[in-house]
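Here is how the chains run, residue by residue.
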Amino acid sequence: MSDTVEPSFGKIKGYTKWVRKDRIGRAGGGVAVCFKNGLQTQELSVDLPQQMEALFFRIVLTDNSGLLLCVLYRPPRQGRFSLDFLAEEMDNLLQRHGCKNVLIVGDLNFHLEQQAYNNLVTVSGLTNHVTFQTHERGGLLDPVLSDLPEERILCQQLDKVGSSDHHAVLTKIQLHVAREKAAPRTIWLWEQASWRDMRGALTATDWQTVLTGDAEEMTNALTSILATLQDRHVPHRTYLAKATNPQWFGFRCQIAAEAKYAAWRRYKQRPSQHNLTMHRAACKRMTDTSKWARKHWEQDLRRKLTGPGVGDKTWWTLVKERQGVMRQESVPLTRQDGTTASSSDDKAALLAKLFAEKMQVECPTRPPPVLPRETAHTITSIPITTELVEKHSGNWTQGKPRAQTESAPGAETMCQELHYRPISLLSVMGKVFEKLVAAVIWQHLDEHQLLSPHQFGFRPGRSTSDLLLLLSQEWQDTLDEGLDTLVVALDIAGGL
């Protein structure tokens, strides 16, 4: 392997892409690791001695502790420094990354550095669980070292792979590893929605009574009404989607898989000819359903890729999804106490806590600074019409947001004097409203010349290239006049 080989080369279906450490300068070495989808793993950054070919990972267990995994290749004539490094740094690595146990696998060629190997095993309290030869000419070159109880690890010799003169080693370890939980997924059948009934319900709603209170209360009321109508007038199905399911695995596949498993259980309990026939029929239905689901998924991708509104980012996202490289290994987040949040729930809670702390103001009662008034003109109202909503909706009218655009005629008078405030995650309705407000504010600033001519960021028709041209010209003029040029760069820290 080298940097000319693409990262997705040799990817195994159902597993993450390879995490590689290629040998620098020449072929014949390096290590590579991949994990089954759904496992909570984290590649660790370890300051290694030069030329040490190793990768370190933390495998998250159900109790949020970790197993330290080291994958190592020690060439025959490399010397003992890699084994000495493990012996000296093992305790620090375990403590630093919150791991209870360690697992070391790979080709160590330890028979050439027996003393260093014995020191590693003795100092770290490790056991080699491989009791058979791993090389075709004899010899145990590929150990599986761990401080786990011996009864929890079973190693088995496999055949040689390709042109290798080593036997593959299959190691089974009894661990309670953390996995992504199955999450409920709802499939909305928008093509079968009753838009006429939804429009009628929106028209019959007394908006003056419903939309009362402050902006947040009105937003919650509007969201509740739309969600209720969507649930009532749009057919849908809900099922539990596992993290390891492929993208095309939907509700029908889930039903077929459950029926196949039930037929298999019946046949195992009562191995009759009838139950065998039923099991084979269930297997065929599962195969046919999978082919149907995959075909429709590919047709949907093709429709999206050839659609009029697909951009570069969307196009590459869909292409990667088609290639099956969208599933990335989970990236744990580190807490302030050094522990890691690995599951989706833990990471969501940690991010929510972080952003909540960032949004806190030390003196919330402190009045804002008084700014000089630049113009006598003010924005008193923001008109919202069906035409403006359709104009600013753009490509959002496709797919899930269709409920809002289809029901727009009954919602013209919903938003008259709402207070606009930034929200990190907005619904489609909120995004459209944001565009409408931004358009009015921008028109107001532009008409009354309230923006500095030196403001280049976040302005249409201007870019960093314009700023660089302006600065280059001013610096050149200054140099021509024999003057000095000073540059001051300011960075406003968060929380001020």
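These numbers were taken from a predicted model, which means no experiment stands behind them. The numbering scheme is per chain: residues are counted from 1 as the chain's sequence reads. Totals for whole chains, interfaces and linings use every residue, but because this is a predicted model, local features are given only for residues with pLDDT of at least 70 and side-chain atom pairs only at 80 or more, for both listing and counting. Hydrogen atoms and water are omitted, and side-chain values are computed over all heavy atoms in the structure.

Visitor: Please explain helix α3 (residues 195-204) as it appears in this structure.
Guide: Since the α-helix turns once every 3.6 residues, residues separated by three or four places project in the same direction. Of the residues making up α3, those classed as buried are W195, M198 and L202. The buried residues of α3 all sit within an arc of 60° when viewed along its axis, so they share a single face. Away from the buried face of α3 by more than 90 degrees, exposed residues R196, T203 and A204 are located. Accessibility here uses a 1.4 Å probe with only protein chains present; expressed as a share of the type maximum, an area under 20% marks a residue as buried, one over 50% as exposed, and anything in between as partly exposed. Helix numbering and strand numbering both begin at the N terminus, where a helix is a DSSP run of H or I of at least 4 residues and a strand a DSSP run of E of at least 2. The directions considered for the arc are those from the helix axis to the C-beta atoms.

Visitor: What am I meant to see in the environment of A293 here?
Guide: Structurally, the position occupied by A293 is in helix α7 (residues 273-305). Along the sequence, A293 and G250 sit 43 residues apart, while their C-alpha atoms lie 7.3 Å from each other.

Visitor: Please clarify how the pairing of strand β4 (residues 53-60) should be interpreted in this entry.
Guide: Burial analysis of β4 places 8 of its 8 residues in the buried class, the great majority of the element. Both faces of β4 are covered, namely the face carrying E53, L55, F57 and I59 and the face carrying A54, F56, R58 and V60. Strand pairing follows a simple DSSP-based rule, namely that at least 2 bridges must link the two strands. As judged from the 8 bridges shared by β4 and strand β5 (residues 66-73), these two strands associate in the antiparallel manner. Note that in β5 the partner of R58 across the bridge is L68. If you look at the hairpin formed by β4 and β5, you'll find 5 residues sitting between the two strands, and N64 has a positive phi there, around 70°.

Visitor: What's the story with unusual backbone geometry in this structure? I'm lost.
Guide: Residues apart from glycine generally show negative phi values, whereas peptide bonds are mostly found in trans. Here the phi dihedral of Q51 falls at roughly 75°; this positive angle occurs in a residue that is not glycine. Along the chain, Q51 turns up in the loop between β3 (41-43) and β4. Even without glycine at this site, N109 takes up a positive phi of about 45°. Tracing the backbone shows N109 in the loop between β6 (99-107) and α2 (114-124).

Visitor: Got a minute to help me understand the sheet that holds β3 in this structure?
Guide: Hydrogen bonds between backbone groups are what pair the strands of a sheet, and the pairing can be parallel or antiparallel. Taken together, the 6 strands give an open sheet; going across it, the order is β3-β4-β5-β6-β8-β7, and neighbouring strands pair in mixed fashion. The two strands at the open ends of the sheet, each matched to only one other strand, are β3 and β7 (127-128). For β7 and strand β8 (residues 144-146), the ladder comprises 2 bridges, and the chain directions are antiparallel. Each bridged residue has a counterpart across the sheet, and for N128 the counterpart in β8 is L145.

Visitor: I tried to follow α2 on my own but got confused; where do I start?
Guide: Along α2, the positions that sit buried rather than exposed are A116, Y117, L120, V121 and S124. With its buried residues spanning 135° around the axis, α2 presents them on a single face. Seen from the open side of α2, the exposed residues pointing more than 90 degrees away from its buried face are Q115, T122 and V123. Contacts are residue-level and defined by heavy atoms, with any inter-residue pair within 4.5 Å sufficient. On its buried side, α2 packs onto α1 (81-96), β7 and β8. Remark: G125 follows α2 within two positions and exhibits a positive phi of approximately 65°.

Visitor: Even after reading the chapter, I still don't get the nonpolar core, so can you show me in this structure?
Guide: In globular proteins that are soluble, nonpolar side chains generally tend to be buried together. F56, L68, L86, I104 and L145 are the most contacted members of the largest nonpolar core, which has 27 residues in total. Among the elements of the structure, β4, β5, α1, β6 and α2 are those that each provide at least two residues to this core. Counting residues in each nonpolar core, the second largest holds 19 residues, with V31, L69, L148 and I153 among its members. Here the nonpolar core consists of buried residues drawn from Ala, Val, Leu, Ile, Met, Phe, Trp, Tyr and Cys, with membership extended through side-chain atoms lying within 4.5 Å.

Visitor: When you look at a negative patch on the surface in this model, what are you seeing that I'm missing?
Guide: Negative charge collects at one region of the surface, where E474, D477, D480 and E481 lie side by side. Within the element layout of this structure, E481 appears in the segment after α13 (464-480). Patch members must show over 30% relative accessible area and no salt bridge, and they are joined within 9 Å when carrying like charges or within 5 Å when they are nonpolar side chains of Val, Leu, Ile, Met, Phe, Trp or Tyr. Surface accessibility follows the Shrake-Rupley procedure with a 1.4 Å probe radius. Residue values consider only the protein chains on display as shielding. Whenever Lys or Arg places a side-chain nitrogen within 4 Å of a carboxyl oxygen from Asp or Glu, that contact is recorded as a salt bridge. Positive residues here are Lys and Arg, negative ones are Asp and Glu, while His and the chain termini are left out of the count. Just so you know, the charge point we use is NZ for Lys, CZ for Arg, CG for Asp and CD for Glu.

Visitor: For this particular structure, what's the right way to read the packing of α1 against α2?
Guide: Contact geometry of α1 with α2 gives a least axis separation of 9 Å together with a crossing angle of 15°. In this view, α1 runs roughly parallel relative to α2, as classed from their interaxial angle. The two elements α1 and α2 meet at a crossing, and its hand is left-handed. Only A116, Y117, N119, L120, V123 and S124 of α2 make contact with α1, whose side of the interface consists of L83, D84, L86, A87 and M90. Looking at side-chain class alone, the contact of α1 with α2 contains 8 nonpolar, 2 polar and 1 charged residues. In this analysis, axes come from line fits to C-alpha atoms, helices being fitted only over the stretch in contact, and the angle between any two N-to-C directions falls in the range 0 to 180 degrees. Should an angle fall under 35 degrees it is taken as roughly parallel, and over 145 as roughly antiparallel, whereas 65 to 115 is taken as roughly perpendicular and any remaining angle as oblique. Crossing chirality is assigned from the near helix's rotation relative to the far helix, an anticlockwise turn below a right angle marking it left-handed and a clockwise turn marking it right-handed. For this classification, Asp, Glu, Lys and Arg are treated as charged, while Ala, Val, Leu, Ile, Met, Phe, Trp, Tyr, Cys and Pro are nonpolar and the rest, including Gly, are polar.

Visitor: Sorry if this is basic, but what is going on with the pattern of salt bridges here?
Guide: Should their charged atoms come close, side chains of opposite charge can pair. This model, assessed by the stated rule, comprises 8 salt bridges. Two residues, R23 and E53, come together in a salt bridge whose shortest N-O distance is 2.7 Å. Residue R23 is found in the loop between β1 (19-21) and β2 (31-33), and its partner E53 is found in strand β4; the two are separated by 30 residues along the sequence. By the burial criterion, R23 is buried, and E53 matches it.

Visitor: Can you help me understand the packing of aromatic side chains in this one?
Guide: For any pair of aromatic rings, geometry is given as the distance between the ring centres together with the angle between the planes. In summary, the pairing rule links any two rings of Phe, Tyr or Trp, Trp by its six-membered ring, whose centres are within 6.5 Å, and it sorts them by plane angle into stacked for under 30 degrees, edge-to-face for over 60 and tilted for everything else. Taken as a whole and assessed by the stated rule, the structure comprises 6 aromatic pairs. Here a set of aromatic residues connected by ring pairs shows up, and it is made of W188, W190 and W195. In this analysis the charged atom, NZ for Lys or CZ for Arg, is taken to sit over a ring once it is within 6 Å of the ring centre and within 35 degrees of the ring normal. Of note, R462 hangs over the ring of F456, and the distance from its end group to the ring centre comes to 5.2 Å.

By themselves, these observations are geometric and do not establish any function.
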